[in-house]
Amino acid sequence: MTSMLNRYFVTLGLLFCAQICAAEQNSKQNAKQNAKQTAEPSAAAVELPAKESFHLFVLAGQSNMAGRGEVTDLDREPHQRVLMWTADGEWRPAIAPMHFDKPKIAGVGPGRAFGIRLAEASPDITIGLIPCAVGGSPIDCWEPGGFHPSTQTHPYDDAVERIRAASEHGTIQGILWHHGEGDSSPKRSRHYKEKLLGVLNRLREQCQTDPVILIGQLGQFPERPWNESRTRVDQAHRAVANELPNAAFVKSDGLLPKSDNTHFNRESAIELGNRFYEAYLHLRKTGQGEQ
């Protein structure tokens, strides 16, 4: 009798726990749905232009491309002809933060400033930005199948997926690349150039449009002097920009860091975006990258 009662109470306990778990799950789903419904009015679907007038740019690399600059109200003001490809696979107005590699710290990067400059100079086109950068991802993570443990992502494979999906709506005109901090070690820096060539060539092939490639220089911060390995990565960036056709190297002279001496502050991230634009414009006019 005692044994039967024990089993009875155990069964009741399990049923009660199951009901509680189900209720919590429903509550979470309802909260997500409510949040989505609340957000939708401020993130209304955008009307896309004709494919040939929708110029797309891939933003790839590490955290300084993803952006870690402080976000202000100005960075949340949409531009009518500058859009971003969201984590949910939709086109929305490009507002900061655009990247979602590390949502708690993602901020202002160079991509949005680049897009706004280009849109302002070209009123007949709309700019689409495809965020693909992953903070802290070394070059090995950008191999096909490469995995980045701290973000639980596959940087290259994820980028390819976004490129293919986004390019159904427009034409990819360029790849903006900022990367190398994670490979500034004696061992990794020695192989960085050959691996970078492989990554950029593969990304270019995925775009199927022979896009411009713009390689941003690592931050030159006096408080954090370069060592031999970082200098080697810088040399690799310059060499790859010279060797690849339709590519340019974008300097970081005079740009300033946040207090971490690793990431560009908001103003410098925006200035870097302006320099990406100037390099793109120069390359389009002359066919030659600047050093």
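You'll find the structure just up there.
Residue numbering note: each chain is counted from 1, following its sequence as written. Given that this is a predicted model, residues contribute local features only at a pLDDT of at least 70 and side-chain atom pairs are listed and counted only at 80 or more, while totals for whole chains, interfaces and linings are drawn from all residues. Heavy atoms from the whole structure form the basis of all side-chain values; hydrogens and water molecules are not counted.

Draft legend 1. Focus on the pairing of strand β4 (residues 126–131). Only protein chains enter the accessibility calculation, which uses a 1.4 Å probe; a residue whose area is less than 20% of its type maximum is buried, one above 50% is exposed, and one in between is partly exposed. The numbering of helices and of strands both runs from the N terminus, where a helix is a DSSP run of H or I of at least 4 residues and a strand a run of E of at least 2. Burial within β4 is extensive, with 6 of its 6 residues counted as buried. Of the two faces of β4, the one carrying Thr 126, Gly 128 and Ile 130 and the one carrying Ile 127, Leu 129 and Pro 131 are both buried. Two strands are said to pair when DSSP picks up at least two bridges between them. In this structure, strand β1 (residues 54–61) lies alongside β4, joined through 6 bridges in parallel fashion. Its bridge partner being in β4, Phe 54 is matched across the sheet by Thr 126. The pairing of strand β2 (residues 82–85) with β4 spans 3 bridges and is classified as parallel. From the neighbouring strand, Met 84 faces β4, where its bridge partner is Leu 129.

Draft legend 2. Structural view of the packing of helix α6 (residues 192–207) against helix α7 (residues 228–243). Every angle, taken between N-to-C directions, lies between 0 and 180 degrees, and every axis is a line fitted to C-alpha atoms, over only the stretch in contact when it is a helix. In the contact formed by α6 and α7, the axes pass within 9 Å of each other and the chain directions differ by 40°. In terms of orientation, α6 and α7 fall into the oblique class. Remark: the crossing between α6 and α7 carries right-handed chirality. Mapping the contact onto sequence places Tyr 192, Lys 193, Leu 196, Leu 197 and Leu 200 in α6 and Val 233, Ala 236, His 237, Ala 239, Val 240 and Glu 243 in α7. All residues other than Ala, Val, Leu, Ile, Met, Phe, Trp, Tyr, Cys, Pro, Asp, Glu, Lys and Arg, Gly among them, are scored as polar; the first ten of these are nonpolar and the last four charged. Grouping the constituent residues of the contact of α6 with α7 by class yields 8 nonpolar, 1 polar and 2 charged. Each angle gets one of four labels, with under 35 degrees taken as roughly parallel, over 145 as roughly antiparallel, 65 to 115 as roughly perpendicular, and the rest as oblique. Note on convention: near helix rotated counterclockwise from far helix by under a right angle means a left-handed crossing. Clockwise means right-handed. We call two residues contacting when some pair of their heavy atoms lies within 4.5 Å.

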